[in-house]
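For reference, the chains in residue letters:
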Amino acid sequence: MIAESLTCQPALVSMRDLDVRTVEALIHRAEEFKHGAQLELAEPVFAANMFFENSTRTHTSFEIAERRLGLSVVDFNPQASSVSKGETLYDTCLTLAAVGVRLLVIRHSQDAYYQELLNQPALPVALINAGDGSGEHPSQSLLDMMTISETFGGFSGLKVAIVGDLNHSRVARSNMEVLKKLGAQVYFSGPEAWYDKRFDCFGQYLPMDELVDQVDVMMMLRVQHERHSDDASFDQADYHQQYGLTLERAKRMKSDAIIMHPGPINRGVELASDLVECPQSKFVEQMRNGVFVRMAMIESVLRGNQLGGLA
Ligand code: CP
C-alpha cells in the first residue's frame, strides 16, 4: 500500500523545508515500511549514491533502502569517476540524469552544495541530501525523530539535550530545527567555544551537570576531529570528564531517559564505551530505523518529482 498523505518533495535537502505534518507523515510511512509495507514499481528506477565524504551508516542504509524498494542502484565512486579529471558536480549529475538515473543521493563536504542543482530543467532527478559539510543531515534527523517518537509517542514538552561538537554538526543543525517545530524543549551543552550564539533561538545552553538529570533524551555528538585545525592539543580524557556522558553522569539520568548518538562514536570521548549498548542507549535502533526512514524519504521524493516509475 502507498501512503496518500505524504506531501510531495521533489528534493529533500533541509529540515527547514519540512512542516510538522510532513515530518509526521514520513515517520508514519517509515513505521509502515518497518512493519513490512512494500512498494510496487511499474518500471525500473535507477538510483546513484554519490558520497564525496566517507560514510558507513548513511551510505549502506540508503543502498539497502533503495534495494528494498526495488530500485536499481548504480555504482558511483567519486575517486573512480570523471570527478577525478575535474568534472564538476553539476556536470556529473547532468551525466547521470542523461543516462537514466532518476534519484541522486549526495553527501558532499561543501555546505549547501545542492543549491546549484535545484530547479535545473536539465536535471529531471529527485535529490536527497545525505549530508552537506557542516550544514544539514536530514535523513539522520528523521531517523532520530522516528526513534524518539517510537520511545515516547510524541515530542510535546519532551526535553532533549544536544551535546558536544555543535558548531561542526549537521545533525545538531537539522535536529534543533525540527525538534523546536515538533514542540520539544531543546538544550545544548559542550565546550562554549563550539557553541554558536545563533543556536539561542532554538534552545538554552547549560553545563552538562545541570542537564543530565533533567532531560528525556541525551543526544551526544561526535567530536569531529577531521574538522578541527587545533586537534593536536585535544585531550580525550579531559573532554570526557568535562563534557562527555560518563558512567557517573549516566547514573544520574532519569530512569526512562534515553541516550542517542548518530555515529560514528569516539568511545570514551563523548560517550563512555560501556554506555554504547546499555539498555538506555538507542544507538543500534537508530541505525536500524535509518533504513525505513530512508525508504520513506525515497518514496516521497520520487512521487514529488512525478518520475512515473511508481505503480
Ligand atoms: N551518522 C552518520 O552520518 O554516519 P556515517 O557518516 O557513517 O554515514
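The rules behind the values
Residues numbered from 1 in each chain as written. Predicted model: local features only at pLDDT ≥ 70, side-chain atom pairs only at ≥ 80, totals over all residues. Heavy atoms only, no water. Helix = DSSP H or I, 4+ residues; strand = E, 2+ residues; numbered from the N terminus. Rg over C-alpha atoms; globule rule 2.2 N^0.38 Å. Buried < 20%, exposed > 50% of the residue type's maximum accessible area, 1.4 Å probe, protein only. Contact = heavy atoms within 4.5 Å. Areas by Shrake-Rupley, 256 points an atom, 1.4 Å probe, with all protein chains shown as cover. Lys, Arg positive; Asp, Glu negative; His and termini not counted. Charge placed at Lys NZ, Arg CZ, Asp CG, Glu CD. Pairing = 2+ DSSP bridges. Axes fitted to C-alpha atoms, helices over the stretch in contact; angles between N-to-C directions. UniProt positions renumbered as here; feature names shortened; annotations may be inferred. Polar contact = N/O pair within 3.5 Å; in protein donor to acceptor, adjacent residues only side chain to side chain. Domains from an automatic or database assignment. Buried area = accessible area lost by both parts, 1.4 Å probe. Salt bridge = Lys/Arg side-chain N within 4 Å of Asp/Glu carboxyl O. Near = heavy atom within 4 Å. Nonpolar A, V, L, I, M, F, W, Y, C, P; charged D, E, K, R; others polar.

A. Main features of the overall build of the protein chain. The helix and strand tally for the protein chain stands at nine helices and 10 strands. Over its C-alpha atoms the protein chain spans a radius of gyration of 19 Å, differing by no more than 12% from the 19 Å that the globule rule assigns to 311 residues. In the protein chain, which comprises 311 residues, the proportion classed as buried is 55%. Taking the intrachain contacts of the protein chain between residues at least 6 apart in sequence as the baseline, contacts between residues at least 24 apart amount to 75%. Of the roughly 13,300 Å² of accessible surface on the protein chain, a fraction of 48% belongs to carbon and sulfur atoms. Charged side chains in the protein chain number 28 positive and 41 negative. The centres of these two groups are separated by 2 Å.

B. The arrangement of the sheet that holds strand S2 (residues 46-51) in detail. Read across the sheet, five strands follow the order S1-S5-S4-S2-S3 without closing on themselves; strand pairing throughout is parallel. Each edge of the open sheet is held by one strand with a lone partner, namely strand S1 (11-12) and strand S3 (72-74). In the packing of helix H3 (residues 89-98) onto the sheet, the strands contacted are S2 and strand S4 (101-108), and the crossing angle to S4 comes to about 155 degrees.

C. How the structure looks around the UniProt feature "domain: Aspartate/ornithine carbamoyltransferase carbamoyl-P binding" (unreviewed entry) in the protein chain. Taking the UniProt record as the reference, the feature "domain: Aspartate/ornithine carbamoyltransferase carbamoyl-P binding" (unreviewed entry) is found at residues 12-150. A helix fraction of 36% and a strand fraction of 18% characterise residues 12-150, whose end C-alpha atoms lie 23 Å from each other.

D. Structural context of the UniProt feature "binding site: L-aspartate" (unreviewed entry) in the protein chain. UniProt feature "binding site: L-aspartate" (unreviewed entry): in the numbering of this structure it lies at Lys85, Arg170 and Arg222. Sequence-wise these annotated residues cover 138 residues; spatially they are dispersed, their C-alpha atoms as much as 33.0 Å apart. In this fold, Lys85 is placed in the loop between S3 and H3. According to the relative accessible area criterion, Lys85 is exposed, its value standing at 71%. Inspection of the secondary structure puts Arg170 in helix H5 (residues 170-182). Discounting residues that sit within four places of it in the chain, Arg170 has contacts with Glu53, Arg107, His108, Gly131, Asp132, Gly133, Ser134, Gly135, Glu136, His137 and Arg227. Within polar-contact distance, the side chain of Arg170 engages the backbone oxygen of Gly133 at 2.9 Å.

E. Representation of the domain arrangement of the protein chain within the structure. Taken as a whole, the protein chain is organised into domain 1 (4-137 + 288-304) and domain 2 (138-283). Placing the centre of domain 1 and that of domain 2 at their C-alpha centroids yields a distance of 26 Å. The partner domain 2 presents 27 residues to the 33 residues of domain 1 that form the contact. Carbon and sulfur atoms supply 60% of the area that domain 1 and domain 2 bury against each other, a total of about 2,400 Å² over both sides. On the domain 1 side of the interface with domain 2, the three residues burying the most area are Met15, Arg57 and His137, jointly 28% of the side's total. Applying the counting rule to domain 1 against domain 2 returns two salt bridges. With a closest N to O distance of 3.0 Å, Glu53 and Arg170 form a salt bridge.

F. Fine view of the side chain of His261. Relative to the helices and strands, His261 resides in the loop between strand S10 (258-260) and helix H9 (283-304). In terms of polar contacts, His261 uses its side chain to reach the side chain of Glu270, at 2.9 Å. When neighbours within four sequence positions are excluded, His261 is seen to be in contact with Met220, Leu221, Arg222, Glu270, Leu271, Phe283 and Gln286.

G. Region of interest: the site of the ligand. Around the ligand, the neighbouring residues are Ser55, Thr56, Arg57, Thr58, Arg107, His137, Gln140, Pro262 and Gly263. Here an oxygen atom of the ligand sits 3.0 Å away from a polar atom, N or O, in the main chain of Arg57. The separation between a nitrogen atom of the ligand and a polar main-chain atom of Pro262 is 2.9 Å. Considered on its own, the ligand offers 260 Å² of accessible surface; in the complex 92% of this is hidden by protein. In the shell around the ligand, the residues fall into one nonpolar, six polar and two charged.

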